[in-house]
Amino acid sequence: MTIAELVDIRRFRLVEGAPPAPGPGEVLARVEAVGICGSDLHNFMEGGIGDAVAVYPMVLGHEPTGVVVECGHGVTGWAPGDRVVLEPAIYCYHCEFCLSGRHNVCSNLRFMSVAPDPGYFRQFVTLPAANLLPLPAGMGFDEGTVFEPLAVALHSLTFADVKLGETVAVFGAGPIGLLTVAAVKLAGARMVLVVEPVAHRREMAKAMGADEVFDASEPVQAVLGATRGRGVDVAIDCAAKEDTINQCLHVTRNAGRVVITGIPSEVKIPLEFHVLRRKEIRFYNVRRSNHTSELALELMAEKPHLFAPLVTHARGLDDVQGAFELLERYGDGVGKIVLRPQGGVSM
């Protein structure tokens, strides 16, 4: 099988390896499509994610769909040919956090695409049968990859706690930001304001339900102006670039909520603590998702017109280098890129 390995900053290579065999309780799946995430881009451009340094060679990719090829001993409920989405996080299920329902902060968490566990930029993969969910009938493999980032956006709403009629500012209109816009509108937000420096992504934000969009030149003034100086009830930072975290503090009303979904590149972040303190803002950060993948798939099946257009490009695994370079420069109107490890027509 073909495997794409990141071997240095901005450099992939393709290698060949034998398909793995499923162990007890595992399935062997053929990976049909896998989305490229912003965290993958961090590893590609910066050699790590915050204080987590890349360990080369590494196999990225954690937004996959595929087909069951073989079931290991003891696996029930799945059969070869089943169309599935493949959850990337492997939990222990017995630590205090798993037992309390906080699986995303499991003490023994493994995440496929974080060393030493390879991700899904490969043609075949084995994983626990518990990590499979059925791909809804009629949903394509490319579109299905959106389940993972949408699950993250939905998990962020656990903290955002958007109520009917509230106002929300979203910083960053990459895939997570765009999905957050859709999620908060579905949750009942009356007005959603988006700050995004890339013009075509501002247009995508409008298509996802944003009421007003602004470039990043004077975001605080723009959001405060749109709310007549009051500020928004909730600010969600899906960019975590430059000073967006502090900008969120400034645009949020007294006693509002700020949620950080994006991952900063820096290890240490200057925080305007006294703005946070004076306003008594509730301040949260998000780590991946937690029990929201099923809801993500249901929403995608119910509203394909809303979520499917997010995927704008598809490439074969042999063009992984070009796909990342396209994302890095925001070229060709790119929204989300999926890789097709089995090949197929690109778009």
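Before reading further, recall that the structure is shown in the block above.
The structure presented is a predicted model; accordingly, all values stated were derived computationally and were not measured. (Residues numbered from 1 in each chain as written. Predicted model: local features only at pLDDT ≥ 70, side-chain atom pairs only at ≥ 80, totals over all residues. Heavy atoms only, no water.)

Here the focus is the overall build of the protein chain. Looking only at helices and strands, the protein chain has 12 helices and 19 strands in total. For 347 residues, the compact-globule estimate of 2.2 N^0.38 gives 20 Å, and the C-alpha radius of gyration of the protein chain, at 20 Å, lies within 12% of that figure. Along the longest, intermediate and shortest principal axes, the C-alpha atoms of the protein chain span 60 × 45 × 40 Å. Buried positions account for 56% of the 347 residues belonging to the protein chain. In the protein chain, the proportion of contacts linking residues at least 24 apart, taken out of those at least 6 apart, comes to 70%. As presented, the protein chain carries roughly 14700 Å² of accessible surface, and 54% of it is formed by carbon and sulfur atoms. Separation of charge centres in the protein chain, based on 31 positive and 40 negative side chains, amounts to 6 Å. (Helix = DSSP H or I, 4+ residues; strand = E, 2+ residues; numbered from the N terminus. Rg over C-alpha atoms; globule rule 2.2 N^0.38 Å. Buried < 20%, exposed > 50% of the residue type's maximum accessible area, 1.4 Å probe, protein only. Contact = heavy atoms within 4.5 Å. Areas by Shrake-Rupley, 256 points an atom, 1.4 Å probe, with all protein chains shown as cover. Lys, Arg positive; Asp, Glu negative; His and termini not counted. Charge placed at Lys NZ, Arg CZ, Asp CG, Glu CD.)

Between two aromatic rings, the relevant description is the distance of the centres plus the angle of the planes. Counted under the stated rule, the structure contains seven aromatic pairs. Note on Phe44 and Phe324: the rings are 5.0 Å apart at their centroids and 50 degrees apart in plane angle, and the pair reads as tilted. In this pair, Phe44 sits in helix α1 (residues 38-46) while Phe324 sits in helix α12 (residues 320-328), placing the two residues 280 residues apart along the sequence. In this pair, the class of Phe44 matches that of Phe324, namely buried. Here Phe121 and Phe324 contribute two aromatic rings whose centre-to-centre distance is 6.1 Å and whose plane-to-plane angle is 75 degrees, an arrangement assigned as edge-to-face. Pair noted here: Phe121 is in the loop between β9 (110-111) and β10 (124-128) and Phe324 is in helix α12, with a separation of 203 residues, a long-range link. We note that Phe121, like Phe324, is buried. One aromatic cluster is present, built from ring pairs that chain together Phe12, Phe44, Phe121 and Phe324. Residue placement shows Arg83 over the ring face of Phe141; its charged tip is 4.9 Å from the ring centre. If you follow Arg288 out to its NZ or CZ, it ends over the ring of Phe111, 3.7 Å from the centre. (Phe/Tyr/Trp six-rings, centres within 6.5 Å; stacked < 30°, edge-to-face > 60°. Lys NZ or Arg CZ within 6 Å of the ring centre and 35° of its normal.)

In this section: the sheet that holds strand β14 (residues 212-214). Spatially, β14-β13-β12-β15-β16-β17 is the arrangement adopted by the six strands of the open sheet, whose pairing is parallel. In this open sheet, the two strands that pair with only one neighbour each are β14 and β17 (282-285). Put simply, the sheet's adjacent strands are angled 15 degrees from each other on average, direction ignored. As paired elements, strand β15 (residues 232-237) and strand β16 (residues 252-260) share five bridges and run parallel to each other. Considered in β16, the bridge of Val232 is made with Thr252. Sheet contacts for helix α4 (residues 147-160): β15, β16 and β17; angle to β16, the most-contacted strand, approximately 150 degrees. (Pairing = 2+ DSSP bridges. Axes fitted to C-alpha atoms, helices over the stretch in contact; angles between N-to-C directions.)

Going through the model one piece at a time under the given rule, you end up with zero disulfides. With no disulfide of its own, Cys238 lies 8.6 Å from the sulfur of Cys248, the closest cysteine sulfur. (Disulfide = S-S within 2.5 Å.)

Over its 12 residues, helix α5 (residues 175-186) runs 17 Å from end to end, which matches the ideal 16 Å to within 8%, given 1.5 Å per residue. For α5, the buried fraction is high: nine of the 12 residues fall into the buried class. Listing the buried residues of α5 in full gives Pro175, Gly177, Leu178, Leu179, Thr180, Val181, Ala182, Ala183 and Val184. (Expected span 1.5 Å × (residues − 1).)

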